[in-house]
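Per-entry structural report
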Amino acid sequence: RPNRLKQRLRAGERSIGCWLFMGSPTAAEILSHCGYDALLIDHEHSPGGLETAVDQLRAIAPSPVTTLVRLGDNIAAPVKQALDSGADGIVAANVEDADTLERLVAAALYPPLGKRGAHFTVSRAARWGLDGDLYAANADKELLVIAMIESAAGVAAIPELARVANVDMFFIGPLDLSASIGLMGRYTESAFVELLDEAERRTREAGIALGGAALPGHDAAALFDRGYAFVTAASDVGLLRDGGLQMARPVLRT
Ligand code: 3PY
Ligand code: MG
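Just so it is clear, the structure is predicted and the values come from calculations on it, not from any experiment.

A short note on the pattern of salt bridges
On inspection of all chains with the given rule, the structure shows 14 salt bridges. With a closest N to O distance of 3.3 Å, Glu44 and Arg70 form a salt bridge. Remark: Arg70 occurs in strand β3 (residues 66-70) and Glu44 occurs in the loop between β2 (38-42) and α3 (50-60); sequence separation between them is 26 residues. Residue Arg127 is joined to Asp131 by a salt bridge in which the shortest nitrogen-to-oxygen separation is 2.8 Å. The class for Arg127 is partly exposed, based on a relative accessible area of 47%. Several salt bridges share partner residues, and in doing so they unite Arg4, Arg8 and Asp37 into one network.

Observations concerning the coordination of the magnesium ion (ligand 2)
Within the protein, the atoms that donate to the magnesium ion (ligand 2) are Glu150 (OE) and Asp176 (OD), at distances of 2.0 to 2.2 Å. Placement of Glu150 in the loop between β5 (144-149) and α7 (152-156) and of Asp176 in helix α9 (residues 174-180) is noted, with a sequence separation of 26 residues between them. Classification of Asp176 by relative accessible area gives partly exposed; the value is 33%.

Rules of the game
- Residues numbered from 1 in each chain as written.
- Chains lettered and ligands numbered in written order.
- Predicted model: local features only at pLDDT ≥ 70, side-chain atom pairs only at ≥ 80, totals over all residues.
- Heavy atoms only, no water.
- Salt bridge = Lys/Arg side-chain N within 4 Å of Asp/Glu carboxyl O.
- Helix = DSSP H or I, 4+ residues; strand = E, 2+ residues; numbered from the N terminus.
- Buried < 20%, exposed > 50% of the residue type's maximum accessible area, 1.4 Å probe, protein only.
- Donors = N, O, S within 2.8 Å, 3.2 Å for Na, K, Ca; no water.

Rendered as structure tokens:
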């Protein structure tokens, strides 16, 4: 199946994503109908493991939305399992060195480009072996590998990380980026603003697509204006929480 986000990146089109923190296939299904280009299943902070992810992927599958899994750990095993389960790509949190990134890319790509092990019978992505040849022929071209930059060390490493082949995007995580310099969530502090600017500038200079999460108070449009190709501006939890507050507050006040 075509990777919508990857196609849009190639075409220079702006794309929007939403995080899935609830481990809920129903929330995933609802959001798959809302016009996002990509949904990001989180395994870094969220409940739910691979089997939950498979149910989320099934719920999204009738839609053309790209599915990404953010890894709980930057090692090879969950990369292979997420991709064989049918995710269209992986997101690695807080990447700070080229060796780690190289190993993750190698886990995502079949030889000769990488070292991804092949097994199609157990692979939902290869339609349980029915599409083994087709999947093998297209996987390396279609999958996305996204590295998150979310520390001062990660920003410093951008030129080195950019030399790793077959990385599709650097995605800036502002919360952890601010925390890494002792300013957690203090997005207007000049030291943070400067570090964010530097991360954006280095990514642009490296010629890698820039992604990021919209800060509270910054809408996605502001990030697109700064050259972002992909922005996440919502999550299943955030939408439910904020919608819940919005409905309850006026009632409670009367
Ligand atoms: C961060 O801001 O740290 C993120 O991981 C974005 O989702
Ligand atoms: Mg983070």
